[in-house]
Amino acid sequence: LVSGSFEGGGSTNISGSLTSTGSFGNVEANNHILLPDDGILNLGNGRDLKLKHDGNSTITNTSGNITISNQANDKDVILKSDDGSGGTTAYLTLDGRQTRTNVSKDLRLDNRSVSQIANAAKACMSGGVGSYPRSGFVHIDCGPVRVWKR
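Residues numbered from 1 in each chain as written. Predicted model: local features only at pLDDT ≥ 70, side-chain atom pairs only at ≥ 80, totals over all residues. Heavy atoms only, no water.

1. Regarding the overall build of the protein
When helices and strands are tallied, the protein shows one helix and nine strands. Listed N to C, the secondary structure of the protein is β-β-β-β-β-β-α-β-β-β in terms of helices and strands. The burial tally for the protein puts 13% of its 150 residues in the buried class. When contacts within the protein are restricted to residue pairs at least 6 apart in sequence, long-range pairs at least 24 apart make up 14% of them. (Helix = DSSP H or I, 4+ residues; strand = E, 2+ residues; numbered from the N terminus. Buried < 20%, exposed > 50% of the residue type's maximum accessible area, 1.4 Å probe, protein only. Contact = heavy atoms within 4.5 Å.)

Next up, the structure:
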């Protein structure tokens, strides 16, 4: 138990747990806060928002909404993931300048052929449409109008 004011110079190691019995105030880190794998960062009195990394990264919320807010002027919210070839692709972009949503995704629908899906997408005359009949999907994105087949 540490009472009063505590300032660590350089590196301070605490083993066990650190508990505040009063108003903890703010915790400031000049560099990083590091939790080991399987460590969980709990937020809220009921620990109802959790951030965890255990080889996968998980955000869990058990009450209320989750709001992701970018308040930078004319900037985007971009959801990226591995593209299967060693890079990443923006699969979902919320465009702050145009008030639109850009999507880039491969699409497969039950009971519809690749050509039916591709023809419907091409009829929109907006974005890219790539047909992959051997793989059984159509790629649709919000880039420039273009069509390809593989």
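Now, onward.
2. Structural notes on the packing of aromatic side chains
Taken as a whole and judged by the stated rule, the model has one aromatic pair. When the ring of Y132 is compared with that of F137, the centres are 4.7 Å apart and the planes differ by 15°; the resulting orientation is stacked. Here Y132 matches F137 in class, with each residue buried. (Phe/Tyr/Trp six-rings, centres within 6.5 Å; stacked < 30°, edge-to-face > 60°.)

3. Description of the nonpolar core
Within the largest apolar cluster, six residues are counted, these being V114, I117, A118, A121, V129 and V138. Sorting elements by how many residues they give to this core places helix 1 (residues 114–123) first, with four residues. Apart from the residues within four sequence positions on either side, V129 is in contact with A118, A121, K122, V138, H139, R146, V147 and W148. (Core = buried A, V, L, I, M, F, W, Y, C linked by side-chain atoms within 4.5 Å.)

4. Focus: the sheet that holds strand 9 (residues 146–149)
Pairing in this open sheet of six strands is mixed, and the strands run 4-5-6-8-7-9 from one edge to the other. At either margin of the open sheet sits one strand with a lone partner, and together these are strand 4 (77–82) and strand 9. On average, adjacent strands in this sheet sit at an angle of 15° to one another, irrespective of strand direction. (Pairing = 2+ DSSP bridges. Axes fitted to C-alpha atoms, helices over the stretch in contact; angles between N-to-C directions.)

5. Side note on the sheet that holds strand 1 (residues 40–43)
Taken together, three strands build an open sheet; the order of strands is 1-2-3 and the sheet is antiparallel. If you trace the sheet from one side to the other, it starts and ends with strand 1 and strand 3 (57–61), each paired once. The average angle at which neighbouring strand axes cross in this sheet is 10°, direction not considered. Looking at chain direction, strand 1 and strand 2 (residues 49–53) are connected through four bridges and run antiparallel. Looking at strand 2, one finds that L41 is bridged to L51.

6. Observations regarding the pairing of strand 2
Counting the residues between successive antiparallel strands, the hairpin from strand 1 to strand 2 contains five residues, one of them, G44, with a positive phi of roughly 95°. In this sheet, strand 3 lies alongside strand 2 in antiparallel orientation, the contact comprising five bridges. Paired with H53 across the two strands is S57, which belongs to strand 3.

7. Looking at the environment of Y132
One can find Y132 in strand 7 (residues 128–132). Sequence spacing of Y132 and S115 is 17 residues, and the spatial spacing of their C-alpha atoms is 9.3 Å. Filtering out sequence-adjacent residues up to four positions away, Y132 remains in contact with V114, F137, H139, W148 and R150. Looking at Y132, its side chain comes within polar contact range of the side chain of R150, at 3.5 Å. (Polar contact = N/O pair within 3.5 Å; in protein donor to acceptor, adjacent residues only side chain to side chain.)

8. Details of the pattern of salt bridges
Enumeration over the complete set of coordinates arrives at three salt bridges. In this structure, D54 and K52 form a salt bridge, with 3.8 Å as the shortest nitrogen-oxygen distance. For D54, a relative accessible area of 37% translates into the label partly exposed. Residues R146 and D141 are paired through a salt bridge, measuring 2.8 Å at the closest nitrogen-oxygen approach. (Salt bridge = Lys/Arg side-chain N within 4 Å of Asp/Glu carboxyl O.)

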